[in-house]
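# Per-entry structural report
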Amino acid sequence: MSRPFVQLQNVNKSYWRDSLEIPVLNDVNLDLPEGEFVALMGPSGSGKTTLLNLIAGIDRPSSGNVIVRGQNVSRLSEGDLARWRSDNIGFVFQFYNLMPVLTAYENVELPLLLTKLSRSERRRQVETALSIVGLADRMKHYPNQLSGGQEQRVAIARAVVTDPVLILADEPTGDLDKVSAQEVMDLLSRLNHEFNKTIIMVTHDPRAAEKAHTQRHLDKGVLNSHESPQAG
Amino acid sequence: MKVLKLVSKNTTRHLLRTLLTILGLAIAVMAFAIIRTSVDAWYAGAEASSPNRLVVTNNISLVFTLPLAYREKIAKVDGVTGLSWAHWFGGTYVDPKNFFAQFAVDHNTYLDLYPEYLIPPQQLATFLSERNAVIVGRQLADRFGWSLGDPITLTGTIYPGQWEFVIRGIYTGAEETTDESQWFMRFDYLDERMRAEMPPRAGQVGSFIVQIADPSRAAQMSATIDSLFVNSLAETKTQTEESFQLSFVAMASSIVTGLRIVSIMVIGIILLVLANTMAMTARERVSEYALMKTLGFRPIHILGLIFGESLFIAGVGGVLGIGLAFPVKWLLETNVGGFFPVFTIEAITLMLGIVASLAVGLVAAVFPALKAVKTPIVDGLRIIE
Ligand SMILES: Nc1ncnc2c1ncn2[C@@H]1O[C@H](COP(=O)(O)OP(=O)(O)OP(=O)(O)O)[C@@H](O)[C@H]1O
Ligand SMILES: [Mg+2]
């Protein structure tokens, strides 16, 4: 573990509303080793989602560098960035963001459509991903035929089906009841232990955060340098 | 492309909305086709006209007649290779609503000048030998269910009384544009009865048809013919058959122009209908497009989704509209068939209908597609449902 897996160097991010600058992230530095499971906490509006989006390569920093596995993400062109995301990142959202017109199977298959895999190879991978999340029997169900917890597990299957190195989860249990939240957290832990996925998870839920190795706190765009026992 | 499956799933997502949009498009394309066909029908007479025929009518107006005696002088004009005459009869068959064109023609010469009316030789022979014989067009015969040998009675409006006829011939058109809805009776049958009952009305014809060998001399020959009758009681107006036919169109030119404008407006309406549907669609799917982009789908895929859906709806609507045009045309034809003798949906109309709907499909997708591609992922993801 010579080189950090995820590295943020002096990252600043501002949004502009008309001519008004809204600073969101302020000189954020971060070094994460491979296989880490971090819970990112902090009050609403502190910039957690923004930080996650920068690491995921769906947004660009105003200044500074986002480096994942030695690749300076902020330097990639739009097209290369899209390819980079599909190769390296699995994203899990608070509201699952499944395509309502696609079945669970088809939702999980979606990212594989961008690969060169054959139909049968895709089938094998989708089935594997769905069995990891325990939904092999729900492949033909549409999102509106699933519970929230099941939907989120489908979304996690979609995030892992391409076998990404990094999983980014933005409040994955934020919209779930206790039991479903527990299931989702167990699943993420398993992905971290068993499959050695590096996971960065934003959460407001202290119980969820306990599952992570480390907790980091973001406050008004500033990342606290050390992990804190307190939860936001 | 694998995205195609998503296009079809998206299309059936709001099935009712999609179906209503398709139906709207179909009705508009159908209207477009019917309107264009009506416009074509106005010009059908002019299109079917021969450059080898001149029409001589009374200079004042079509409703005034010319003395039959003029034929001697006209026939002597240099370059004239054939001469006949026709007269508007204007009778009604059973019900005044059953309108169709009836001409009393010179049986010996008229049909020689119109090779596009195809008549079996025996039928023509009977027409030449029986005074009350008539030859009718195939379309007219079908309209009233007439067949050879049927006795027909017309009630005269211009020439009062009951007029008895027997169907002795049915002609078909040599060309698609040939008018198959006419009725040709013998001029001598009309003229002899006039001589007996109302002598002043005998010996008058509505028009002479002059066959010329050289169409390039049409203008000069027309002038020559008209000069023969200058300062006589009935001055003549000679013109090519085409300009004679176009003078009818000119009488209705504002209607035709109106129809043309409406047909373009119809296309505009389809555009609004589809653009509205596509805009609604795009608005609902902002977060889905953002998700797809997050997964690594590129603008080309998103464009494929949006244009694919728009073109699919437009294409189905267009084809359905063209399909609807035929039964509607048939309905119109059987109800107002006499008004437009030639009422056919031309291939170019079908093509224009399809091309217009596809163009509409493209245009309707442009703004939603641009918007979907340009919206930053993070903005798209912030919108939930
Ligand atoms: N696309 C954007 N345009 C303008 N302002 C934005 C945008 N995204 C985020 N912001 C602003 O940046 C700040 C941080 O937002 P962010 O979503 O990162 O917070 P968060 O920590 O994830 O909050 P929450 O816990 O509520 O999800 C907020 O003030 C928000 O209004
Ligand atoms: Mg957030």
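Definitions and cut-offs
Residues numbered from 1 in each chain as written. Chains lettered and ligands numbered in written order. Predicted model: local features only at pLDDT ≥ 70, side-chain atom pairs only at ≥ 80, totals over all residues. Heavy atoms only, no water. Helix = DSSP H or I, 4+ residues; strand = E, 2+ residues; numbered from the N terminus. Buried < 20%, exposed > 50% of the residue type's maximum accessible area, 1.4 Å probe, protein only. Contact = heavy atoms within 4.5 Å. Lys, Arg positive; Asp, Glu negative; His and termini not counted. Charge placed at Lys NZ, Arg CZ, Asp CG, Glu CD. Polar contact = N/O pair within 3.5 Å; in protein donor to acceptor, adjacent residues only side chain to side chain. Domains from an automatic or database assignment. Patch = residues over 30% accessible without salt bridge, like charges linked within 9 Å, V, L, I, M, F, W, Y side chains within 5 Å. Areas by Shrake-Rupley, 256 points an atom, 1.4 Å probe, with all protein chains shown as cover. Salt bridge = Lys/Arg side-chain N within 4 Å of Asp/Glu carboxyl O. Buried area = accessible area lost by both parts, 1.4 Å probe. Near = heavy atom within 4 Å. Pairing = 2+ DSSP bridges. Axes fitted to C-alpha atoms, helices over the stretch in contact; angles between N-to-C directions.

On to the overall build of chain B, then. The helix and strand inventory of chain B stands at 13 helices and 13 strands. Across the 385 residues in chain B, those meeting the buried criterion constitute 48%. Expressed as a percentage of contacts within chain B between residues at least 6 apart in sequence, the contacts between residues at least 24 apart total 80%. Separation between the mean location of the 30 positive side-chain charges and that of the 32 negative ones in chain B comes to 14 Å.

Time to look at the environment of A:Lys13. Residue and element names in this part refer to chain A. Position of Lys-13 relative to the elements: it lies in strand β1 (residues 6–17). Ignoring any residue separated from it by four or fewer positions in sequence, one finds Lys-13 in contact with Ile-22, Pro-23, Val-24, Leu-25, Thr-50, Leu-54, Asp-59, Arg-60, Pro-61 and Ser-62. There is a polar contact of 3.3 Å between the side chain of Lys-13 and the side chain of Asp-59. A distance of 2.7 Å separates a polar atom in the side chain of Lys-13 from the backbone oxygen of Arg-60.

Moving on, we come to the domain arrangement of chain B. Looking at chain B, the domain boundaries give domain 1 (2–45 + 254–382) and domain 2 (60–234). Computed over C-alpha atoms, the centres of domain 1 of chain B and domain 2 of chain B are 48 Å apart.

A few words now on a nonpolar patch on the surface. All names here are of chain B. A cluster of nonpolar side chains, contributed by Leu-16, Leu-20, Leu-23, Ile-27, Leu-320 and Leu-324, occupies part of the molecular surface with about 540 Å² of accessible area. Mapped onto the nonpolar patch, the elements with two or more residues apiece are α2 (15–47) and α11 (299–336). Inspection of the secondary structure assignment puts Ile-27 in helix α2. Taking the relative accessible area as the measure of exposure, Ile-27 reaches 43% and is therefore partly exposed.

With that out of the way, let us pick up the interface of chain A and chain B. Taken together, the contact between chain A and chain B spans 26 residues of the former and 21 residues of the latter. Between chain A and chain B lies a buried interface of about 2200 Å² when both sides are counted; carbon and sulfur atoms form 69% of it. It is A:Met99, A:Val101 and A:Leu114 that lose the most area in chain A upon contact with chain B, and together they represent 25% of the buried surface on that side. Across the chain A-chain B interface, the total number found is two salt bridges. A salt bridge links B:Lys9 to A:Glu106; the nearest nitrogen and oxygen atoms lie 2.7 Å apart. On inspection of chain A and its partner chain B, the count reaches six residue pairs in polar contact (both at pLDDT 80 or more). Looking at the side of chain A that touches chain B element by element, the count peaks at five residues for helix α2 (residues 78–88) of chain A.

Time to look at the site of ligand 1. Near ligand 1, the surroundings consist of 15 residues, among which A:Ser44, A:Lys48, A:Thr49, A:Thr50 and B:Arg382 are the closest. Around ligand 1, the neighbouring residues derive from chains A and B rather than from a single chain. One of the side-chain N or O atoms of A:Arg17 is found 3.4 Å from a nitrogen atom in ligand 1. The separation between an oxygen atom of ligand 1 and a polar main-chain atom of A:Gly45 is 2.9 Å. For ligand 1, whose unbound accessible area comes to 630 Å², protein coverage reaches 76%. Only β1 and α1 (48–56) of chain A together with α13 (377–382) of chain B provide two or more residues apiece to the shell around ligand 1. Sort the elements by how many residues they give to the shell around ligand 1 and α1(A) lands first, with three residues.

Let us now look at unusual backbone geometry. Positive phi outside glycine occurs at A:Asp18, with the angle close to 55 degrees. Phi at A:Asn196 takes a positive value of approximately 55 degrees, unusual for a residue other than glycine.

Applying the stated criterion to the full structure yields 23 salt bridges over all chains. Note that A:Arg138 is salt-bridged to A:Asp137, the shortest N-O span being 3.8 Å. Judged by relative accessible area, A:Asp137 falls into the exposed class, the value being 55%. The partner of B:Arg53 in a salt bridge is B:Glu116, and the shortest N-O contact between them spans 2.7 Å. Placement of the pair is B:Arg53 in strand β1 (residues 53–58) and B:Glu116 in the loop between β5 (102–105) and β6 (117–118), with a sequence separation of 63 residues. B:Glu116 shares its class with B:Arg53; the two are buried. Salt bridges here are not isolated pairs; linked through shared partners, they connect A:Glu106, B:Lys5 and B:Lys9.

This paragraph deals with the environment of A:Asn10. Residues and elements named next belong to chain A. Summarising the element assignment, Asn-10 is placed in strand β1. Remark: the alpha-carbon pair of Asn-10 and Pro-61, spanning 51 residues in sequence, is separated by 9.7 Å. Once residues lying within four places of it in the same chain are set aside, the contact partners of Asn-10 are Asp-27, Val-28, Asn-29, Ser-63 and Gly-64. A polar side-chain atom of Asn-10 sits 3.0 Å from a polar atom in the side chain of Asp-27.

All names here are of chain A. Within the open sheet, the six strands sit side by side as β6-β7-β8-β3-β9-β10. Their pairing is mixed. In this open sheet, the two edge strands, each paired with only one partner strand, are β6 (89–92) and β10 (222–223). The pairing of strand β3 (residues 37–41) with strand β9 (residues 214–219) spans four bridges and is classified as parallel. Each bridged residue has a counterpart across the sheet, and for Leu-40 the counterpart in β9 is Arg-216. Strands β6 and β7 (166–170) of the sheet are contacted by helix α5 (residues 148–160), whose axis makes an angle of about 170 degrees with β6.

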